[in-house]
Amino acid sequence: MSILSINIDKIYGTVSAADVAALKGEMEQGNRMLQDGSGKGSDFLGWVNLPESITSEELKTIRKCADNLASLADVILVIGIGGSYLGAKAVLEALSDPFQLLRNKQEKPIVLFAGQNLSEDYLYELLEGTRSYKIAAIVISKSGTTTEPAVAFRLIKNEIESRYGAEGAAKRIVAITDAARGALRTLATNEGYETFVIPDNIGGRYSVLTPVGLLPLAAAGINVDELVRGARDMEKATGTDVPFEKNPAMIYAAARTALYRAGKKIEILASYDPKLLYVAEWWKQLYGESEGKDGKGIFPASVTLTADLHSMGQYIQQGERTLMETVISVTKPKHKVVIEKDKDNLDGLNFLAGKRISEVNRMAEMGTLLAHFDGGVPNIRIEIPEINEYYIGGLLYFFEKACGISGYALGVNPFDQPGVEAYKKNMFALLGKPGYEEAGEELRKRL
Ligand SMILES: O=P(O)(O)OC[C@H]1O[C@](O)(CO)[C@@H](O)[C@@H]1O
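Residues numbered from 1 in each chain as written. Predicted model: local features only at pLDDT ≥ 70, side-chain atom pairs only at ≥ 80, totals over all residues. Heavy atoms only, no water.

Draft legend 1. Focus on the overall build of the protein chain. Looking only at helices and strands, the protein chain features 17 helices and 10 strands. For the protein chain, whose C-alpha radius of gyration is 23 Å, the value lies close to the compact-globule estimate of 22 Å for 447 residues. Oriented by its inertia axes, the alpha-carbon framework of the protein chain measures out at about 60 × 60 × 55 Å. Out of the 447 residues in the protein chain, the part that is buried amounts to 49%. Taking contacts inside the protein chain between residues at least 6 apart in sequence as the whole, the part at least 24 apart equals 77%. Here the protein chain has roughly 20800 Å² of accessible surface; of this, 53% comes from carbon and sulfur atoms. For the protein chain, the centre of its 51 positive side-chain charges and the centre of its 58 negative side-chain charges are spaced 2 Å apart. (Helix = DSSP H or I, 4+ residues; strand = E, 2+ residues; numbered from the N terminus. Rg over C-alpha atoms; globule rule 2.2 N^0.38 Å. Buried < 20%, exposed > 50% of the residue type's maximum accessible area, 1.4 Å probe, protein only. Contact = heavy atoms within 4.5 Å. Areas by Shrake-Rupley, 256 points an atom, 1.4 Å probe, with all protein chains shown as cover. Lys, Arg positive; Asp, Glu negative; His and termini not counted. Charge placed at Lys NZ, Arg CZ, Asp CG, Glu CD.)

Draft legend 2. Representation of the sheet that holds strand β3 (residues 110-114). Spatial strand order, β3-β2-β4-β5-β6: five strands in an open sheet with parallel pairing. Of all the strands in the sheet, just β3 and β6 (194-197) have a single pairing partner and so form its edges. The sheet shows a mean angle of 20 degrees between the axes of neighbouring strands, taken without regard to direction. Here four bridges tie strand β5 (residues 173-177) to β6, and the two strands are oriented parallel to one another. (Pairing = 2+ DSSP bridges. Axes fitted to C-alpha atoms, helices over the stretch in contact; angles between N-to-C directions.)

Draft legend 3. Region of interest: the site of the ligand. Surrounding the ligand, one finds 14 residues, the nearest of these being G83, S84, S141, S143 and T146. In the environment of the ligand, an oxygen atom lies 2.9 Å from a nitrogen or oxygen atom belonging to the side chain of E289. Protein coverage of the free-state accessible area of the ligand, which is 390 Å², stands at 88%. Split by residue class, the shell around the ligand holds two nonpolar, nine polar and three charged. (Near = heavy atom within 4 Å. Polar contact = N/O pair within 3.5 Å; in protein donor to acceptor, adjacent residues only side chain to side chain. Nonpolar A, V, L, I, M, F, W, Y, C, P; charged D, E, K, R; others polar.)

Draft legend 4. Region of interest: the UniProt feature "active site" (unreviewed entry) in the protein chain. Here the UniProt feature "active site" (unreviewed entry) sits at E289 and K424. Considering only the residues just annotated, the second largest pocket is lined by E289 and K424. Locating E289 in the fold gives a position in helix α12 (residues 277-291). Using a relative accessible area of 22% as the deciding quantity, one classes E289 as partly exposed. Each residue touching E289, except ones within four places of it in the same chain, is listed here: R205, K284, D416, Q417 and V420. Assignment of secondary structure puts K424 in helix α16 (residues 421-431). (UniProt positions renumbered as here; feature names shortened; annotations may be inferred. 1 Å grid on protein atoms, 1.4 Å probe; cavity = no way out; pocket = protein on both sides within 12 Å on 5 of 7 lines; lining within 4 Å.)

Draft legend 5. Structural detail: the pattern of salt bridges. Within the structure shown, the criterion is met by 30 salt bridges. When the shortest N-O distance is used, the salt bridge between E442 and K445 registers 3.1 Å. One end of the pair is E442 and the other is K445, both in helix α17 (residues 437-446) and three residues apart, which spans about a single turn. Residues joined in a network through salt bridges with shared partners are E128, R131, E159 and R163. (Salt bridge = Lys/Arg side-chain N within 4 Å of Asp/Glu carboxyl O.)

Draft legend 6. The arrangement of the packing of aromatic side chains in detail. The final tally for this structure, using the stated rule, is 15 aromatic pairs. Aromatic side chains Y85 and F113 sit 5.3 Å apart centroid to centroid with 70 degrees between the ring planes, which places their arrangement in the edge-to-face category. Placement of the pair is Y85 in the loop between β2 (75-79) and α5 (86-95) and F113 in strand β3, with a sequence separation of 28 residues. Judged on exposure class, the residue Y85 and its partner F113 are both buried. (Phe/Tyr/Trp six-rings, centres within 6.5 Å; stacked < 30°, edge-to-face > 60°.)

Draft legend 7. Broad picture of the layout of surface pockets. For the second largest pocket, the calculated volume is near 970 Å³. Breaking the lining of the second largest pocket down by element, the ones donating at least two residues are α7 (147-172), α12 and α16. In terms of residue class, the lining of the second largest pocket is built from 11 nonpolar, 14 polar and 11 charged. Both of domain 1 (5-40 + 233-411) and domain 2 (50-227) provide at least three residues apiece to the lining of the second largest pocket. (Points joined across faces, edges and corners; volume = space filled by probe spheres on them. Domains from an automatic or database assignment.)

Draft legend 8. Seen up close, the sheet that holds strand β10 (residues 379-384). Strands sit in the order β1-β10-β9-β7-β8 across an open sheet of five strands; the sheet is mixed. Two strands close off the open sheet at either side, each with one partner strand: β1 (5-7) and β8 (299-304). When strand polarity is set aside, the average angle formed by the axes of neighbouring strands in this sheet is 20 degrees. Along the sheet, helix α11 (residues 248-261) contacts β1, β7 (266-271), β9 (323-330) and β10; its crossing angle with β10, the most-contacted strand, is approximately 160 degrees. Packed onto the sheet, helix α15 (residues 389-410) meets β1, β7, β9 and β10 and runs at close to 145 degrees relative to β10.

Draft legend 9. Highlighting empty space enclosed by the protein. Summed over the entire model, instances satisfying the criterion amount to one cavity of 30 Å³ or more. Of the volumes computed, that of the largest cavity is approximately 40 Å³. Around the largest cavity sit Y272, E325, V327, E365, T368, L369, H372, N379 and R381, which together line it. Elements that contribute at least two residues to the lining of the largest cavity include exactly β9, α14 (357-374) and β10. Among the residues making up the lining of the largest cavity, the classes are represented as three nonpolar, three polar and three charged.

Structure representation (structure tokens):
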């Protein structure tokens, strides 16, 4: 099986095969624009050929730094927000045993995240909870001025310096930031931290395969070479030389574009394994920031099934008919668990005896697919053979490529996010940042 397969049969009814085929030219053009840089936001296309261009030397440097941090710390605090957080978090959650912390022996350092919120209790409990552990930190910010990670880093830097001194801290803190500009670059130079670069031409949400994602993942013991290999194979599978009909990124982009134009304004990404919950969070940033502008764009939402069939399932089945659903399906689980026969059979489930949990999950998925389709929710199905580094690497790149193509079809610049500034301005004004005094006064009157 290839890295993934895509099935759009269950969108027919809302749109036709002819509607999708009619988008072939637009999709090919979008893919070409990503390749030749002739579209909007062409300064930010460094991710397009990134997998192919990552050298084994670069991966070796990342692994070496990760091993060094792992030798110094039981817990590595990874500080960042948005694209400087979600890629690493998504892959780590997908590939980790969620019950690892219950084991007496931790073979690899535990990676915990900070700077992705402004919760005082989160930061307090993180600092308290890690007090008796050896710690190190990876601080990630392209701009170097994002409030949430900068605030968290102040606290964590102080904690590390107070424990290990300035010199010890310099060995335990690694910064990932712009090559030359920004507050974090200056700080890292002043303090003598090891640094990695977020290339100028790669925006946060497309940066998972740069050191932004790769260093924290390597530190957590994830095989980043395999992650990159999967992405590299997907880069080939979605290239401009691969015809529309065989190109999964173009098919996905065409299907969701056709559905959007037919009035389906909300796309729900569904998965049947909680390991993929943060892949959906990553996907939401990717698509939300790329497409939601100029009064346009599909609203990206997500559910984890079957859990959310017992909450959001009602809405999906019978609520407003503005939804489309994209399911990430996994062919094979890693482990085997079989349902046993019960002598009393009070729950009436002995008919499941001998079946694997994954078979029940698969039938829940198939039943849901048909129920949602029958309820007027068109369905796109993306299947990966299993959850491992190789397939997740391929899946992430697939979504990136399809996002760029969809964005161009929508007519927006998929690589900027001007709308994010509005909340920042108001927050600074309300907090009394110098230069924002008047704005602050105006805002306070309105609260
Ligand atoms: O890496 P930085 O510059 O701290 O930015 C973090 C995130 O903030 C945003 O700029 C939006 O605020 C995202 O696009 C980005 O991923």
